[in-house]
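Each chain, letter by letter, is given below.
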Amino acid sequence: MAFWDKLKNGLKKTRDGLVGKMDTMLAAFGKVDEDLFEELEGVLISADFGLETTEFLMNALRRRVKEGRLTDPADVRGALQEEIAAILRQGEQGLDFDRVPVLISVIGVNGVGKTTSIGKMASLYTSAGHSVLLAAGDTFRAAAIDQLGVWADRCGVEMIRQHEGADPAAVLFDACKAAKARGVEVLICDTAGRLHNKKNLMDELAKMNRVAEREMEGVRRETFLVLDATTGQNAVNQARAFSEVANITGIILTKLDGSSKGGIVVSICKELGIPVRLIGVGEGISDMQPFSPDEFAKALF
Ligand SMILES: Nc1nc2c(ncn2[C@@H]2O[C@H](COP(=O)(O)OP(=O)(O)O)[C@@H](O)[C@H]2O)c(=O)[nH]1
Ligand SMILES: [Mg+2]
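So, a few notes on the structure that sits alongside this text. Being a predicted model, the structure only gives us computed values, none of them experimental. (Residues numbered from 1 in each chain as written. Chains lettered and ligands numbered in written order. Predicted model: local features only at pLDDT ≥ 70, side-chain atom pairs only at ≥ 80, totals over all residues.)

With that settled, the discussion passes to helix α5 (residues 76–89). If you check α5, its first and last C-alpha atoms are 20 Å apart, about what 14 residues at 1.5 Å a residue would give, namely 20 Å. Looking only at α5, the buried set comprises V76, L80, I84, I87 and L88. End-on view of α5: buried residues confined to an arc of 105°, all on one side of the axis. Set apart from the buried face of α5 by more than 90 degrees, the exposed residues are G78, E82 and A86. Turning to α5, the residues buried within the fold contact α2 (12–27), α4 (51–66), α11 (264–272) and α12 (293–300). The first or second residue beyond α5 is G91, which carries a positive phi of 70°. (Helix = DSSP H or I, 4+ residues; strand = E, 2+ residues; numbered from the N terminus. Expected span 1.5 Å × (residues − 1). Buried ≥ 20, exposed ≤ 12 C-beta atoms within 10 Å, placed from the backbone. Arc of directions from axis to C-beta. Contact = placed C-beta atoms within 7 Å.)

Next up, the structure:
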């Protein structure tokens, strides 16, 4: 199945919850009033738009009513789609694969899809004609190193590794050296990303930063936080926590296949001001694409 169909399919649950409920509800109203807004608010919150974003959207609709631009309940859905698309369009957008050289660090809690996303990204970069090197910076478990190795083989790219328990900064150091020696354009570094101890993670990331700064001076740096869309508002909370310890330049949102919580994309864009750069819709190598606000808004409705 093509990516777009997977995204549309994946958002079906969100769409059913959002558009399905909304249409039934709107049909019961003769005019656009506070009672309608109250019910609509409930629908948005249950689709994981979050309180702040829901409130923002409600106020945008109230403004339209005040200006006489929104009177018929049948027009509420279209107005909402416009307001949502406007939020998604704010700021920087999907990842541009031609902006190289680049060093990308990938962080996020266990199981969100970091390693898988790195594999998919490596594939996207090589398809765009760039040379890629992976760094097995999640040294916490040997299996994590091997898992990244499988992706490296699948994409036909090299991976720099050390033994289990090695210092991630040392792995990155080796990888930077290798990247320079081989003239690699894209270096992607996996991490264990444990957040149970903020101080540890902060120290680890700071150390990796110092290595990157010294070894890859002047090279563009990105830190992508991976979030699992099926965790809904919890993902937004994770993003808040990680923002306190890392300079996150973009979000990779995974598992949008089959999540009923698609609203969190809007919530993330609105409340965190961190751009969603890539979205994942499955476990396969081709199940990732740069985030496109308009396509997403279309799939959502
Ligand atoms: N359905 C689905 N599964 C995914 C997606 N991305 C990752 N996964 C799965 O999530 C699980 C954890 O992924 P992994 O990359 O190991 O997470 P990590 O611990 O953050 O490195 C694996 O079973 C992946 O196949 C996605 O977009 N959709
Ligand atoms: Mg991993």
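The next subject is the sheet that holds strand β8 (residues 288–290). Strand order in the open sheet formed by eight strands is β3-β2-β4-β1-β5-β6-β7-β8, with mixed pairing between adjacent strands. Two strands bound the open sheet, and with one partner strand each, they are β3 (158–160) and β8. On average, each strand axis in the sheet is tilted by 25° relative to the strand beside it, whichever way the strands run. Bridging between strand β1 (residues 102–107) and strand β4 (residues 186–189) involves four bridges; their strand directions are parallel. Each residue of the ladder has a partner; that of S105, found in β4, is C189. Against the sheet, helix α7 (residues 142–155) contacts β2 (132–135) and β3, and its axis sits at roughly 155° relative to β3. (Pairing = 2+ DSSP bridges. Axes fitted to C-alpha atoms, helices over the stretch in contact; angles between N-to-C directions.)

Across the interface, helix α10 (residues 233–245) lies against α11 with an axial gap of 9 Å and an inter-helix angle of 30°. On the basis of the axis angle, α10 is roughly parallel to α11. Crossing geometry of α10 relative to α11 is assigned as right-handed. Contacts between α10 and α11 involve Q233, A235, V236, A239 and S243 from the first element and I264, S267, I268, E271 and L272 from the second. Taken together, the residues of the contact of α10 with α11 break down into six nonpolar, three polar and one charged. (Parallel < 35°, antiparallel > 145°, perpendicular 65-115°, else oblique. Left-handed = near helix turned anticlockwise from the far one by under 90°. Nonpolar A, V, L, I, M, F, W, Y, C, P; charged D, E, K, R; others polar.)

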